[in-house]
Amino acid sequence: MSEETPTPPRLDTDRLLDDPRTRIIVCCGSGGVGKTTTAAALGLRAAERGRHVVVLTVDPARRLAQSMGLSGLDNTPRPVPLPDARGDGTLHAMMLDMKRTFDEIVEAHADPDRAEQILVNPFYQSLSSSFAGTQEYMAMEKLGQLRRTDQWDLIVVDTPPSRSALDFLDAPQRLSRFLDGRLIKLLTAPTRASGRAYLKVVNAGFGMFTGIVTKIIGAQVLRDVQTFVAAFDTMFGGFRERAEDTYRLLQTPGTAFLVVATPEPDALREASYFVERLSEDRMPLAGLILNRVHRSPAARLSAARSTAAAEALLPAGASGDNAQSGANGGPPLAEVTRYPLAVAALRLHAERMQLIAAERRLSQRFTAAHPAVPVARVIAQPEDVHDLAGLRVIGESLSDN
Ligand SMILES: Nc1ncnc2c1ncn2[C@@H]1O[C@H](COP(=O)(O)OP(=O)(O)O)[C@@H](O)[C@H]1O
Ligand SMILES: [Mg+2]
C-alpha cells in the first residue's frame, strides 16, 4: 500500500434521502452485514424527514419485524406507526413472501384453468419455494410492482440473505436461463415439439434419453415438469420482459445502490466485487455503508501504551501469557496483581484499539481500490437492533459521518 492514506469521499445519506429524485434505494451486500437493518433505518429516517416511504424487507428478525408492525409474511405494505414523526412523512413496511409473489404472478398472467394447473404442480411448488435465485428474482418482481403503483415516493429495498451480493443482479438471468435451459428443453421436448420435429428428436435417440431420465427421476416428476413448462410457456415471455424492465429501472438515475459491508476481509472483498459489477452493469452506485465500525471513547491511549501500562501493573515475570486470567490456564489475575480490574480494562482497551486499527486498514484498502466510492460509517451498537429506537440510532450514526 502507498504511504498516503486514502480518504474516501463522504457519503451524505441525508442528502440522498431528501432528494426527491431518489425513488429507489437498494441495500446490497453479503450475508449478515446489516442490509435489513440499514434498509429499515434508512426508510425510517426518510419518513421522519418527510417522505412517503415503503421498505421492502426480506428476512427481518422477528423482533425487528414486530417493532415495525409486521406480524408475518403477507406481501402487503403495512403502515408503521411513527409516534414522534415530524412533518407529514409516512412509513410502510412489508415482508416479502417469495412463494406468494410467484403465485400472484401466475394468477395475474395465466387464465384461471391454466393458473390452477400450474399452482398445484409439484414441480412449480418446489421451484417457487426453493429454487436458488427465486427469492432475489421475486424481490425484483415485487420492487417493479411497488414502483408501478406509484403510491410511494421512495422505495427502500432490502435484499435476500444470499451468500453473494451478486446473486441479486444475477437472479433474473439465472431464472430465465434455467427455464430456458437445455435440461428443461430436453425434458419437455415431447410436449413442445409436435409432429415431424418431435419425430426427429426421437430419432436422434431422444426416446432413450427420456427413458433413462424417467428411470432416474421418476415418471411422475417428469410429467410434472413437462406439464409445468408447457403451461408456463405462455407466460414465460412476460416473465422475462418484466425482469428486463425492472433491470432497466434499476439503471435509471432515480435508483441508488448502497453496498453494505462490515469492516472485515470477506465482507469488503464481496463489496469490491459488487461495486465492480454495478459499474459493469451501469447501475448507479451511491456508496458504501461500512457497518458495525468500532470506536473507542479513549482513542488517544494507543494499544501499545495500554499494553505497557497493563504490564507495569504486573509483578516482574508475570507478564505476557503467564498472567492471562484463569481461562488460559495461568493463575487468575487477582492472584498476581492487586489491580486485576485495571489490568483487564487496559488489555481490553489495547484489543479494541488493535481492532480499530485493523478495521481502518481494511477500509483504506477498499478506498485505495475504489477511490471514487463515497463511504458512510455506522458505529457498532452494543446490542442488536430490534426496535424503532434502535433503527433511529443507526440512522443518526449514518448521517453523522
Ligand atoms: N450497527 C450495528 N450495531 C449492532 N448490531 C447491528 C448493527 N447492524 C446490524 N446489527 C445486527 O446484526 C445482525 C444482522 O443484521 P441484518 O441487518 O439482519 O443483516 P443482513 O440483513 O445483512 O443479513 C442483526 O442482529 C442486527 O440487529
Ligand atoms: Mg437481511
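Residues numbered from 1 in each chain as written. Chains lettered and ligands numbered in written order. Predicted model: local features only at pLDDT ≥ 70, side-chain atom pairs only at ≥ 80, totals over all residues. Heavy atoms only, no water.

1. Things to note about the overall build of the protein chain
Next, step 1: The number of helices and strands found in the protein chain is 16 helices and 8 strands.
Next, step 2: When burial is assessed residue by residue, the protein chain has 48% of its 401 residues classed as buried.
Next, step 3: Put simply, of all contacts in the protein chain between residues at least 6 apart along the chain, 77% involve residues at least 24 apart.
Next, step 4: Split by element, the accessible area of the protein chain, about 19900 Å² in all, is 53% carbon and sulfur. (Helix = DSSP H or I, 4+ residues; strand = E, 2+ residues; numbered from the N terminus. Buried < 20%, exposed > 50% of the residue type's maximum accessible area, 1.4 Å probe, protein only. Contact = heavy atoms within 4.5 Å. Areas by Shrake-Rupley, 256 points an atom, 1.4 Å probe, with all protein chains shown as cover.)

2. Some points on the coordination of the magnesium ion (ligand 2)
Next, step 1: Protein coordination of the magnesium ion (ligand 2) is provided by Thr36 (OG1) and Asp59 (OD), with donor distances spanning 2.1 to 2.2 Å. Taken as a pair, threonine 36 in helix α2 (residues 35-48) and aspartate 59 in the loop between β2 (52-57) and α3 (62-67) lie far apart in primary sequence, 23 residues in all. (Donors = N, O, S within 2.8 Å, 3.2 Å for Na, K, Ca; no water.)

3. Observations regarding the nonpolar core
Next, step 1: Membership of the largest hydrophobic core comes to 89 residues, with the highest contact counts inside it found for Ile25, Met68, Phe257, Leu288 and Leu391.
Next, step 2: No other element matches α2, which puts 7 residues into this core. (Core = buried A, V, L, I, M, F, W, Y, C linked by side-chain atoms within 4.5 Å.)

4. Things to note about the pairing of strand β6 (residues 255-261)
Next, step 1: Most of β6 sits out of view: 7 of its 7 residues are buried.
Next, step 2: Here β6 shows a buried face lined by Thr255, Phe257, Val259 and Ala261 and a second buried face lined by Ala256, Leu258 and Val260.
Next, step 3: Relative to β6, strand β1 (residues 24-28) runs parallel, the two being bridged by 5 bridges. Among the inter-strand pairings, isoleucine 24 is bridged to a residue of β6, identified as threonine 255.
Next, step 4: Of the pairings in the sheet, the one linking β6 to strand β7 (residues 285-293) comprises 5 bridges and is parallel in character. By the bridge assignment, valine 259 is partnered in β7 with leucine 288.
Next, step 5: Crossover connection from β6 via helix α12 (residues 265-280) to parallel β7: handedness right-handed. (Pairing = 2+ DSSP bridges. Right-handed = clockwise from strand over helix to strand, strands pointing away.)

5. Quick look at empty space enclosed by the protein
Next, step 1: A full pass over the atoms with the stated rule returns 2 cavities of 30 Å³ or more.
Next, step 2: Cys28, Gly29, Thr159, Pro160, Ser162, Ser164, Ala165 and Phe168 are the residues that line the largest cavity.
Next, step 3: Taken together, the residues that form the lining of the largest cavity break down as 4 nonpolar, 4 polar and no charged. (1 Å grid on protein atoms, 1.4 Å probe; cavity = no way out; pocket = protein on both sides within 12 Å on 5 of 7 lines; lining within 4 Å. Points joined across faces, edges and corners; volume = space filled by probe spheres on them. Nonpolar A, V, L, I, M, F, W, Y, C, P; charged D, E, K, R; others polar.)

6. Observations concerning the layout of surface pockets
Next, step 1: For the largest pocket, the calculated volume is near 490 Å³.
Next, step 2: Lining of the largest pocket is provided by 24 residues; of these, Gly34, Thr37, Arg292, Asp384 and Val385 occupy positions nearest its centre.
Next, step 3: Among the secondary structure elements, those contributing two or more residues to the lining of the largest pocket are α2, α3 and β7.
Next, step 4: Volume-wise, the second largest pocket comes out at about 360 Å³.
Next, step 5: In this structure, the second largest pocket is lined by 17 residues; those nearest its centre are Arg15, Leu16, Asp19, Thr22 and Ala286.
Next, step 6: Secondary structure elements with two or more residues in the lining of the second largest pocket: α1 (13-18), β6 and β7.
Next, step 7: In terms of residues, the lining of the second largest pocket owes the most to one element, β6, which gives 3 residues.
Next, step 8: Residues that form the lining of the second largest pocket fall into these classes: 9 nonpolar, 3 polar and 5 charged.

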